[in-house]
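Geometric and topological summary
Listed here are the chains, written in short residue letters.
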Amino acid sequence: MRYMMTFRGTDEYEAGAMPSEESITAMTSLMAEMAEAGVLIGGDGLHPSSKAIRLEIHEGKHRVVDGPFTETKELIAGYCLIQVASKEEAIAWAERCLAADMGNSRGVDLRQIFEAEDFGDAYTPEAQARTQAATAKLSK
């Protein structure tokens, strides 16, 4: 089972506040532990929305909107991708990540990532082949 953890930004994060050395040490140590355990797929912190770009469709037309965005409680400050055996294991890692974050975010959302079988017949053999070809290029 794969999960994405997203760390929700705070007003301080949006204002450009950086995490403390203690928090960076705790988070990078935990990420190293997750990598050693074979759980970590990837993860990084993100710049605030003042540096973000949002693409939308409005009245049938594509629109590009530069940040910052006003709803800071919904913004993502960072993410982590993990592969685990169960929902409970995902929650356990997420709890540890939240502790290591030391209050730099509002909390962590944990969402399971779709697997091929979740799509049923709509995920045709042709679509599966395209996905496999793209994935093979990523690992090189």
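Residues numbered from 1 in each chain as written. Predicted model: local features only at pLDDT ≥ 70, side-chain atom pairs only at ≥ 80, totals over all residues. Heavy atoms only, no water.

Note the following rule: UniProt positions are given in the numbering used here, feature names are shortened, and annotations may be inferred rather than shown by experiment.
The name that an unreviewed UniProt entry assigns to the protein is YciI family protein, with the source organism given as Kribbella koreensis. The record held by UniProt for the protein lists under Sequence similarities (unreviewed entry) the comment "Belongs to the YciI family."

1. Some details on the pattern of salt bridges
Our working definition: Within this document, salt bridges are pairs made up of a side-chain nitrogen of Lys or Arg and a carboxyl oxygen of Asp or Glu, the two lying within 4 Å of each other. Secondary structure elements are taken from DSSP: a helix is a run of H or I of four residues or more, a strand is a run of E of two residues or more, and numbering for both begins at the N terminus. Whether a residue is buried, partly exposed or exposed follows from its accessible area with a 1.4 Å probe, protein chains only, as a fraction of its type maximum: under 20%, in between, or over 50%, in that order.
Scanning the entire structure with this criterion turns up five salt bridges. Across the pair Arg96 and Glu33 runs a salt bridge whose closest N-O atoms are separated by 2.8 Å. A residue pair is termed long-range when its members are at least 10 positions apart, and Arg96 in helix H3 (residues 87-101) and Glu33 in helix H2 (residues 21-36) qualify at 63 residues. For the salt bridge of Glu56 with Arg63, the shortest nitrogen-to-oxygen distance reads 2.7 Å. On the basis of relative accessible area, Glu56 is assigned to the partly exposed category, the value being 27%.

2. A look at the pairing of strand S3 (residues 53-58)
Going by this rule: At least two bridges found by DSSP between two strands are what make those strands a pair.
With zero of six residues buried, S3 is to be regarded as a mostly surface element. As defined by bridge partners, S3 adjoins strand S4 (residues 61-66) across six bridges and the pair is classed as antiparallel. In the strand pairing of S4, Ile53 is matched with Asp66. Linking two consecutive strands that pair antiparallel, namely S3 and S4, is a turn of two residues; a positive phi of about 50° is found at Glu59 within it.

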